[in-house]
Every structure is written in C-alpha cells, then in structure tokens.
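So the chains spell out like this:
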Amino acid sequence: AEQGTNSMSKIALVDDDRNILTSVAITLEAEGFEVETYNDGQAALDAFNKKMPDMAVFDIKMPRMDGMDLLQRVRQKSKMPVIFLTSKDDEIDEVLGLRMGADDYVKKPFSQRLLVERIRALLRRQDAISGDASGVEVEETKLMVRGN
C-alpha cells in the first residue's frame, strides 16, 4: 500500500537484533518505504558517508559503535530525523539522546504501528522545513538568521 511521498523515503534501521530489523523492515516496506538495515553503528556510518537516508531508527546498545556515538557522527553532517529505539528503561539515556539531537524515542517492546506513525510525523515535519510548505521555510530562515 504505497502512501504518496512515503514511496520515495529511505529509512535506515540500525539494530543488532536481527528479529527487530526483519520485522520492522517488512512493516515499513509494506507501508511503501524503502528500507536499509544495518547490524551496528559502524556499518551504518560507512553507508551514510556514501549516501544519507531520509531518516533513521537507531538502537542505543550495539557492538562496534553504539547509537549515541552514531548520532553524534551523523549530526556533524546531517539534520535527518532520528528515532532512538531502545530496551533501556533509563530516563538519563532518553534525556541524553534528545539533547544530542535525537528527534524521538521508542522503548522496546513497541508497537510497529506507532513506530510507523512517528516516522511519518517526522518526515512530514522534515518536508515542511525543507521547503514543501513555504510559510514554515520562512520561519525557519528567521530562526537561523537570529541564531547566527
């Protein structure tokens, strides 16, 4: 079931749990998204250095490079939306992740339907900021000018 602009959106899933990668990828592909999966942060970063996806979902605890380190590296180059997916029930991690630039947070176990809707909401916001809604773009420009 293709959903308009979703068919063009590439989502990166980064998690060391293959069951989560597979089930979430199947769900997102069924919703019309293009999905790339990575088992660890380093593999994802290597791919992002070639081509950044439209948005990403990162687990926090992973081998080689965890989600926090990956987010820090991504934020040096990109403002793409990132959702943290984690089994940690630790408010400190949640606060730290959001402060470092994560856009949303979903705790395992989670509803795949809810994750899909959060992804859609972030992509809608990203589309508005990048110019699909000119009023939002003007406000964004004012904020950027004041900030500099």
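About the criteria used
- Residues numbered from 1 in each chain as written.
- Predicted model: local features only at pLDDT ≥ 70, side-chain atom pairs only at ≥ 80, totals over all residues.
- Heavy atoms only, no water.
- pLDDT = per-residue confidence, 0-100.
- Contact = heavy atoms within 4.5 Å.
- Salt bridge = Lys/Arg side-chain N within 4 Å of Asp/Glu carboxyl O.
- Helix = DSSP H or I, 4+ residues; strand = E, 2+ residues; numbered from the N terminus.
- Buried < 20%, exposed > 50% of the residue type's maximum accessible area, 1.4 Å probe, protein only.
- 1 Å grid on protein atoms, 1.4 Å probe; cavity = no way out; pocket = protein on both sides within 12 Å on 5 of 7 lines; lining within 4 Å.
- Points joined across faces, edges and corners; volume = space filled by probe spheres on them.
- Nonpolar A, V, L, I, M, F, W, Y, C, P; charged D, E, K, R; others polar.
- Axes fitted to C-alpha atoms, helices over the stretch in contact; angles between N-to-C directions.
- Parallel < 35°, antiparallel > 145°, perpendicular 65-115°, else oblique.
- Left-handed = near helix turned anticlockwise from the far one by under 90°.

Student: I'd love a proper account of the confidence of the model for the protein chain, names of residues and values included.
Tutor: Looking at the protein chain as a whole, the pLDDT averages 83, with 82% of positions reaching at least 70. Segment residues 1-7 is flagged for pLDDT under 50; beyond a separation of four residues in sequence, or across chains, it makes 13 contacts in the model. Every residue in residues 132-148 is under pLDDT 50, and counting partners more than four places away or in other chains gives 10 contacts.

Student: Talk me through the pattern of salt bridges; I want residue IDs and the actual numbers.
Tutor: Under the criterion given, the structure shown has 11 salt bridges. As a salt-bridge pair, Lys-108 and Asp-15 come within 3.2 Å of each other at their nearest N and O atoms. Of this pair, Lys-108 sits in the loop between β5 (104-107) and α5 (112-132) while Asp-15 sits in the loop between β1 (10-14) and α1 (18-30); the two residues are 93 residues apart in sequence, bridging distant segments of the chain. Just as Lys-108 is buried, Asp-15 falls in that class too. Between Asp-40 and Arg-64 there is a salt bridge, and its shortest N-O distance comes to 3.2 Å.

Student: Residue-level account of the layout of surface pockets, with values.
Tutor: The computed volume of the largest pocket comes to approximately 250 Å³. Element by element, the count of residues in the lining of the largest pocket is highest for α5, at 5 residues. Across the lining of the largest pocket, the residue classes break down as 4 nonpolar, 3 polar and 5 charged. In this model, the second largest pocket occupies a volume close to 200 Å³. By residue class, the composition of the lining of the second largest pocket is 5 nonpolar, 4 polar and 3 charged.

Student: I'd like to hear about the packing of helix α2 (residues 41-50) against helix α3 (residues 67-75), residue by residue, with values.
Tutor: Following both chains from N to C, one finds α2 and α3 inclined at 15 degrees, their axes separated by 9 Å at the closest point. The pairing of α2 with α3 is recorded here as roughly parallel in orientation. Handedness of the crossing formed by α2 with α3: right-handed. Seen from α2, the contacting residues are Gly-41, Ala-44, Leu-45 and Phe-48; seen from α3, they are Leu-70, Arg-73 and Val-74. When grouped by side-chain class, the residues that make up the contact of α2 with α3 number 5 nonpolar, 1 polar and 1 charged.

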